[in-house]
Every structure is written in structure tokens, then in C-alpha cells.
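# Remarks on the overall topology
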Amino acid sequence: MITTQGMHMPKLGLGTGQLRGAAGQQAIEQALGIGYRHLDTAEMYTNEATVGAAIKASGVPRADIHVTTKVLAENLAPVALRAAIERSLEALATDYVDLYLIHWPRPSMDLPRALEAMMRLRDEGRARAIGVSNFPVALMRQAVEDVRAPLACNQVEYHLQLDQSAVLGYARSKGISVTAYAPLARGQAIAYPEIAAIAKKHRATPAQVALKWLLDQDLVAAIPRTARPETQRANLDAARLQLDDEDRRKIAGLPKTRRVVDPDYAPMWDPPVG
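Cut-off values and rules
- Residues numbered from 1 in each chain as written.
- Predicted model: local features only at pLDDT ≥ 70, side-chain atom pairs only at ≥ 80, totals over all residues.
- Heavy atoms only, no water.
- Helix = DSSP H or I, 4+ residues; strand = E, 2+ residues; numbered from the N terminus.
- Contact = heavy atoms within 4.5 Å.
- Phe/Tyr/Trp six-rings, centres within 6.5 Å; stacked < 30°, edge-to-face > 60°.
- Lys NZ or Arg CZ within 6 Å of the ring centre and 35° of its normal.
- Axes fitted to C-alpha atoms, helices over the stretch in contact; angles between N-to-C directions.
- Parallel < 35°, antiparallel > 145°, perpendicular 65-115°, else oblique.
- Left-handed = near helix turned anticlockwise from the far one by under 90°.
- Nonpolar A, V, L, I, M, F, W, Y, C, P; charged D, E, K, R; others polar.
- 1 Å grid on protein atoms, 1.4 Å probe; cavity = no way out; pocket = protein on both sides within 12 Å on 5 of 7 lines; lining within 4 Å.
- Points joined across faces, edges and corners; volume = space filled by probe spheres on them.
- Pairing = 2+ DSSP bridges.
- Buried < 20%, exposed > 50% of the residue type's maximum accessible area, 1.4 Å probe, protein only.
- Right-handed = clockwise from strand over helix to strand, strands pointing away.
- Core = buried A, V, L, I, M, F, W, Y, C linked by side-chain atoms within 4.5 Å.
- Salt bridge = Lys/Arg side-chain N within 4 Å of Asp/Glu carboxyl O.
- Polar contact = N/O pair within 3.5 Å; in protein donor to acceptor, adjacent residues only side chain to side chain.

### Quick look at the side chain of Asn47
- Relative to the assigned elements, Asn47 resides in the loop between strand S4 (38-40) and helix H2 (48-58).
- Dropping the residues within four chain positions of it, Asn47 is found in contact with Thr16, Gly17, Leu19, Arg20, Thr41 and Ala42.

Next comes the structure, spelled out in C-alpha cells:
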């Protein structure tokens, strides 16, 4: 569990991007049924209603589930942002979200005004905590040091093929958590023979090794997306794996410059360290 800025977030969550409709609802329900208590969605995914329906149908109390959603960059003006969270809350069938993030930064955004509007939503209880996504250190610094926003999280692409030392270092220095999306690099992170060898040694899967490497890190959560019940359960079981120093040395020696999410509108990323 990660606790910061009044937020209590399970370290392993379910990414729900592309989980929509009846099949998506079933996948989310089954995840809740086997013990997931952290769901990640976004306005961009157009599936908040599916997530809300799954929560209701699951029978799990809303208070027991951490729900993160994210606002589109075009809705960061204060009036638009308030309208966006109201739409999200209605779709999710809830009075609040546990974590509300700016999904992607844009050069044209008025970051101080956006964060001030988000802080008001936090003060009103519409969002229990606020944060950002895809923010490099320069933008994190602006949010924290200039605006003094109480950021609880920065959600970024992070896996054993991508160094995020700069973001992690700054975030930890300010008590900000980092949620790793694409934690398996869309399957590419588990292709190394070194990872296969570690998995064999521990009678685990390569995906479990990659996830446990993330979950072992201070203030780091991970949100792998899968609809398959056997994979959902295997991801949960990754928490039981015990990596040793030799395993971590092997993982540290792998190349760490591969990014799998890099749209045209992405900010200038922090360069890998080392």
C-alpha cells in the first residue's frame, strides 16, 4: 500500500484501457472478485461507465476500492475541468474519485490554473487526491515548487526496459508516488533470456519477475492491463515472489532506453541516467 497526501493506494492495480462493454465489465468484475482493489481509468478511455458498472455489480464496497481517473488535456481550463470531473463521476456512479490526474501535459496549458482548479476539487472532496501523468521533472517541479500543488502521484511509462531515475528521484524527494503504466512494455519487457532465467529460478513467470521488480521499489505502483482471469491472478501472485540481489543486478544490467508510448504530443522526456 502507498500512503501519501492522504491517499491510500494498493501497489498493484488493474489498468482498464480498452476494457469496455459487457466483456470489459466482466473482466473488471472478475478482477475485483479475486482481490484487486485498485482500478485505473481515464476520460480518454471512454470506459468510465464500464468501470462504474463493474464496481456496482461486484458487490465490493466502493470505499474499499481505489479508483483513479484522468482528465483530457483539452479540459484543463477551470470550467471545463469541473465539467469533466462531473461527467466522470456520473459515469463511474460515485461521489468521488480517489485520485484525479492530468492525463497529458500540453505546451499551451495554463498549469497553475489547472492545478488550482484541481485543488479546489480536492478541497470539496470530489477527488480525494490529485496528481499528474506523463510529467517530466521540469513540469513536476513547476507544479510542486511554483504552484505548491499537493501532488500524490505521477503516472508514467515505467518498466525494466526504461530508466526513470530522474522522475523517481524527484518524486521521492517530495513524497510523490509513481504509478507505472505499460509495466511490461506491452510484452517486450519479458522477452530477455535473463528474465526467463530469473523466472525459472523462482518457478515464476517472466511477467511476475518484471512486476515484482517494480513493486519492490519505494513509492512505485503498477497497473498492468489484462482481461484474462489467469493472468489477473498471476499478476496478483507476483507479490509473493522474492527477488534477490543477484536478480536485481541482472535486471539493472539490461538496456533501459526503450519507450513504447511516445505520441506526437508527448513532452520532452527526461533522458535516461547512466
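### Overview of the packing of aromatic side chains
- In this structure the tally under the stated criterion is three aromatic pairs.
- Aromatic rings pair up to connect Trp104, Tyr265 and Trp269 into one cluster.
- Above the plane of the ring of Tyr96 lies Arg62, whose end atom (NZ or CZ) is 4.2 Å from the centre.
- Directly above the aromatic system of Trp269 lies the positively charged group of Arg259, at a separation of 4.0 Å from the ring centroid.

### Considering the packing of helix H5 (residues 137-146) against helix H6 (residues 165-173)
- The interhelical angle for the contact between H5 and H6, taken along N-to-C directions, is 15°, at an axis separation of 10 Å. By the angle between their axes, H5 is roughly parallel relative to H6. Seen along the crossing, H5 lies across H6 with a hand that is right-handed. Two secondary-structure elements touch here, H5 through Val137, Met140, Arg141, Val144 and Glu145 and H6 through Ala166, Val167, Tyr170 and Ala171.
- The residue inventory of the contact of H5 with H6, partitioned by class, reads seven nonpolar, no polar and two charged.

### Things to note about empty space enclosed by the protein
- Using the criterion set out here, one finds one cavity of 30 Å³ or more in the structure.
- In this structure, the largest cavity occupies an estimated 40 Å³ of space.
- Along its surface, the largest cavity is lined by Phe135, Pro136, Val156, Gln164, Val167, Trp269 and Asp270.

### Observations concerning unusual backbone geometry
- Positioned with a positive phi, Asn134 is a non-glycine residue whose angle comes to about 60°.
- Mapped onto the elements, Asn134 comes out in the loop between strand S7 (130-133) and H5.
- Although it is not a glycine, Ala182 adopts a positive phi angle of roughly 50°.

### Quick look at the sheet that holds S4
- Taken together, eight strands build an open sheet; the order of strands is S3-S4-S5-S6-S7-S8-S9-S10 and the sheet is parallel. Both edges of this open sheet fall to strand S3 (14-15) and strand S10 (220-222), since each of them pairs with a single strand only.
- Relative to strand S5 (residues 66-71), S4 runs parallel, the two being bridged by three bridges. Paired with Asp40 across the strands is Thr68, a residue of S5.
- The strands touched by helix H3 (residues 78-92) are S5 and strand S6 (99-102); relative to S5, the strand with the most contacts, the crossing angle is about 140°.

### As for the pairing of strand S8 (residues 151-157)
- Within S8, seven of the seven residues are buried, leaving the element largely enclosed by the surrounding structure.
- For S7 and S8, the ladder comprises three bridges, and the chain directions are parallel. Opposite Val132, over in S8, you have Asn154 as the bridge partner.
- In the classification by handedness, the crossover that spans S7, the intervening H5 and the parallel S8 is right-handed.
- Where S8 meets strand S9 (residues 177-181), five bridges bridge the pair, whose relative direction is parallel. Bridge assignment links Glu157 to a residue of S9, and that residue is Tyr181.
- Handedness of the crossover is the feature at issue here: the chain leaves S8, passes through H6, returns alongside S9, and the resulting connection is right-handed.

### Some remarks on the nonpolar core
- With 84 residues, the main nonpolar core has Tyr100, Ile102, Leu115 and Leu160 as its most contacted residues.
- Not counting the four nearest positions on each side in its chain, Leu115 is found in contact with Ile102, Ile130, Ala143, Val147, Ala149 and Leu151.
- Of all hydrophobic cores here, the second largest spans 10 residues; its members include Met7, Leu99, Ala152 and Cys153.

### Notes on the pattern of salt bridges
- In total, this model carries 15 salt bridges according to the counting rule given.
- Among the salt bridges present, the one from Lys70 reaches Asp40, with a minimum N-O distance of 2.7 Å. Taken together, the residues Lys70 in strand S5 and Asp40 in strand S4 connect sequence positions 30 residues apart.
- Here Asp216 and Arg248 are joined by a salt bridge, their closest N and O atoms 4.0 Å apart. In this pair, Asp216 sits in the loop between helix H8 (206-215) and S10 while Arg248 sits in helix H10 (residues 245-252), placing the two residues 32 residues apart along the sequence.
- Judged by relative accessible area, Asp216 falls into the partly exposed class, the value being 38%.

### Some points on the side chain of Ser177
- Here Ser177 shows up in strand S9.
- A distance of 2.7 Å separates a polar side-chain atom of Ser177 from the backbone oxygen of Ala152.
- With residues up to four places along the chain from it excluded, the contact list for Ser177 reads Ile2, Thr4, Met7, Met9, Ala152, Cys153, Asn154 and Leu219.

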